[in-house]
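Summary of structural features
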Amino acid sequence: MMAATGKERLIRLLAVWYGLWQAGHLLFNLLGLMDGGAAARALLAPGLEERAWMVMWASWAADLLFASPAGVLFAWRRWRGRRATALGLASTALSLTTAGLVYHVQWVFAGRLLLDDVAALGVLASWAACPLLFVLLLAEALRGDGEPGRG
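A quick note: this is a predicted structure, and the numbers were derived from the prediction, not measured. (Residues numbered from 1 in each chain as written. Predicted model: local features only at pLDDT ≥ 70, side-chain atom pairs only at ≥ 80, totals over all residues. Heavy atoms only, no water.)

With 29 residues, helix 1 (residues 6-34) should reach 42 Å at 1.5 Å per residue; the first-to-last C-alpha distance of 42 Å fits that figure. Among all positions of helix 1, only E8, I11, L14, A15, Y18, G19, W21, Q22, H25, N29 and G32 are buried. In this fold, the buried residues of helix 1 make contact with helix 3 (50-79), helix 4 (85-110), helix 5 (118-127) and helix 6 (130-143). One or two steps after helix 1, the chain reaches G36, where phi turns positive at roughly 70°. (Helix = DSSP H or I, 4+ residues; strand = E, 2+ residues; numbered from the N terminus. Expected span 1.5 Å × (residues − 1). Buried < 20%, exposed > 50% of the residue type's maximum accessible area, 1.4 Å probe, protein only. Contact = heavy atoms within 4.5 Å.)

Next comes the structure, spelled out in structure tokens:
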């Protein structure tokens, strides 16, 4: 078990937020399988041409197959007192990459970020703590605080 310092409490809080966010994201992506991506297209890529949407599918697949399940597992382990730093870093790094890909595609194909809808803006705002969690986990890993063999 690790001592609950102020920084550790912050990381645990962010981990819980991240796990809940990724659980919701996982559900959204699974529902996307059932509707053929219509809801995701309406939220993230309204009006974008098909070749742009194909890039969005790559982001969706990476989230569905790794970032979201790993994020939920990381949050659960962190909440239970295990650091799971490597798992958290891998999940948040992929989440940062896929979000960057989504917004890059929007910028390239639409010429701007598609944040006209309150829901799209809300998704981005709700995700905004992810970079902070990534930086804290990276600092933890670089300091060697990740308890090798236990996380």
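Counting residues in hydrophobic clusters, the biggest one holds 14 residues, and the most contacted among them are I11, Y18, F74, W127, L133 and L137. Elements with a contribution of two residues or more to this core: helix 1, helix 4 and helix 6. No other element matches the 5 residues that helix 1 contributes to this core. Not counting the four nearest positions on each side in its chain, L137 is found in contact with I11, F74, R78, T85, G88, L89 and T92. In this structure, A45, L48, M56 and V105 belong to the second largest nonpolar core, which totals 13 residues. (Core = buried A, V, L, I, M, F, W, Y, C linked by side-chain atoms within 4.5 Å.)

On to the side chain of S68, then. Assignment of secondary structure puts S68 in helix 3. Leave out the neighbours within four places in its chain, and S68 touches Q22, H25, L26, N29 and D63.

Our next topic: unusual backbone geometry. Positive phi outside glycine occurs at A84, with the angle close to 50°. Its place among the elements puts A84 in the loop between helix 3 and helix 4.

This paragraph deals with a nonpolar patch on the surface. A cluster of nonpolar residues, L27, L30, L31, L33 and M34, forms a patch on the protein surface that exposes about 520 Å² of accessible area. Relative to the helices and strands, L30 is located in helix 1. What makes L30 partly exposed here is its relative accessible area of 39%. (Patch = residues over 30% accessible without salt bridge, like charges linked within 9 Å, V, L, I, M, F, W, Y side chains within 5 Å. Areas by Shrake-Rupley, 256 points an atom, 1.4 Å probe, with all protein chains shown as cover. Salt bridge = Lys/Arg side-chain N within 4 Å of Asp/Glu carboxyl O.)

This next bit is on helix 6. In a regular helix each residue adds 1.5 Å, so 14 residues correspond to 20 Å; helix 6 covers 20 Å between its end C-alpha atoms and thus fits that length. Looking at helix 6, one finds that the buried residues are C130, L133, L136, L137 and E140. Here the buried residues of helix 6 occupy an arc of 130° about the axis, which is enough to place them on one side. As for helix 6, its buried residues are in contact with helix 1, helix 3, helix 4 and helix 5. Once helix 6 finishes, G144 follows within two positions and takes phi at roughly 80°, a positive value. (Arc of directions from axis to C-beta.)

What follows covers the pattern of salt bridges. For the coordinates displayed, the defined rule picks out 6 salt bridges. The salt bridge partner of R12 is E8, with a shortest N-O separation of 3.6 Å. Of the two residues, R12 and E8 both sit in helix 1, 4 residues apart, roughly one turn of that helix. A relative accessible area of 3% means that E8 is categorised as buried. Across the pair R78 and E8 runs a salt bridge, and its minimum N-O distance is 2.6 Å. Separated by 70 residues along the polypeptide, R78 in helix 3 and E8 in helix 1 bring together distant segments of the chain. For the pair formed by R78 and E8, the shared burial category is buried. Salt bridges here are not isolated pairs; linked through shared partners, they connect E8, R12, R78, R83 and E140.

Nothing here speaks to function; it is geometry throughout.
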